[in-house]
Amino acid sequence: RVHAEYVGHRRALRMIVILRNPTDRVLSWYGHIGAWRGHGNLSLDEFVHVSLRELRACAASHGLTTESDELWASPCRRLHPPLYDALTGGLYAPQIAEWLRWFPASQIALVTFGGYIKRTGEVLHDLAAFIGQGR
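Residues numbered from 1 in each chain as written. Predicted model: local features only at pLDDT ≥ 70, side-chain atom pairs only at ≥ 80, totals over all residues. Heavy atoms only, no water.

Undergrad: It is not clear to me how the overall build of the chain should be interpreted in this structure. Could you clarify?
TA: Tallying secondary structure elements over the chain gives seven helices and two strands in all. The secondary structure elements of the chain, listed N-terminal to C-terminal, are α-β-α-α-α-α-β-α-α. Looking at the chain as a whole, 32% of its 135 residues qualify as buried. Restricting the contact set of the chain to residue pairs at least 6 apart, pairs at least 24 apart contribute 57%. (Helix = DSSP H or I, 4+ residues; strand = E, 2+ residues; numbered from the N terminus. Buried < 20%, exposed > 50% of the residue type's maximum accessible area, 1.4 Å probe, protein only. Contact = heavy atoms within 4.5 Å.)

Here it is in structure tokens:
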């Protein structure tokens, strides 16, 4: 989708991707987005159980498993079970592989969330240079 929208600007595009520990990502998603989507009445265990049950059923209906790299780009993405985005959003490898089909690695900066928190100033300085705004 990004490729189609920015095809005319592809060489100038710079992508900054912040990677968070997948477990921390689920916990954060549960605390923020889960309650907003009306799932605040479920415990974290129930939330994860319901989400995995729905995700496994959808995956099976498309000949996939929850471990399949293809799950990230499958029709299951449109179902939006409670934790779908949190669960599949942490599957970084297939997402990055897809971006690398359209953009060279030199246009993609990968930043760990933990590294950003620990060294915010240094990371922002590096990212400014990456997008061409460094001094």
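Undergrad: In this structure, what is going on with the nonpolar core? I would like to understand it.
TA: One broad rule of soluble globular proteins: the nonpolar side chains tend to lie buried together. Judged by nonpolar contacts, Leu13, Met15, Val17, Leu19, Tyr92, Ile96, Trp99, Phe103 and Ile108 together constitute the single largest core of nine residues. Elements with a contribution of two residues or more to this core: strand E1 (15-19) and helix H5 (92-102). Excluding residues within four positions of it along the chain, Met15 makes contact with Trp99, Phe103, Gln107, Ile108, Ala109 and Phe130. Counting residues in hydrophobic clusters, the runner-up holds six residues, among them Leu55, Cys58, Ala59 and Cys76. (Core = buried A, V, L, I, M, F, W, Y, C linked by side-chain atoms within 4.5 Å.)

The analysis is restricted to geometry; functional conclusions fall outside its scope.
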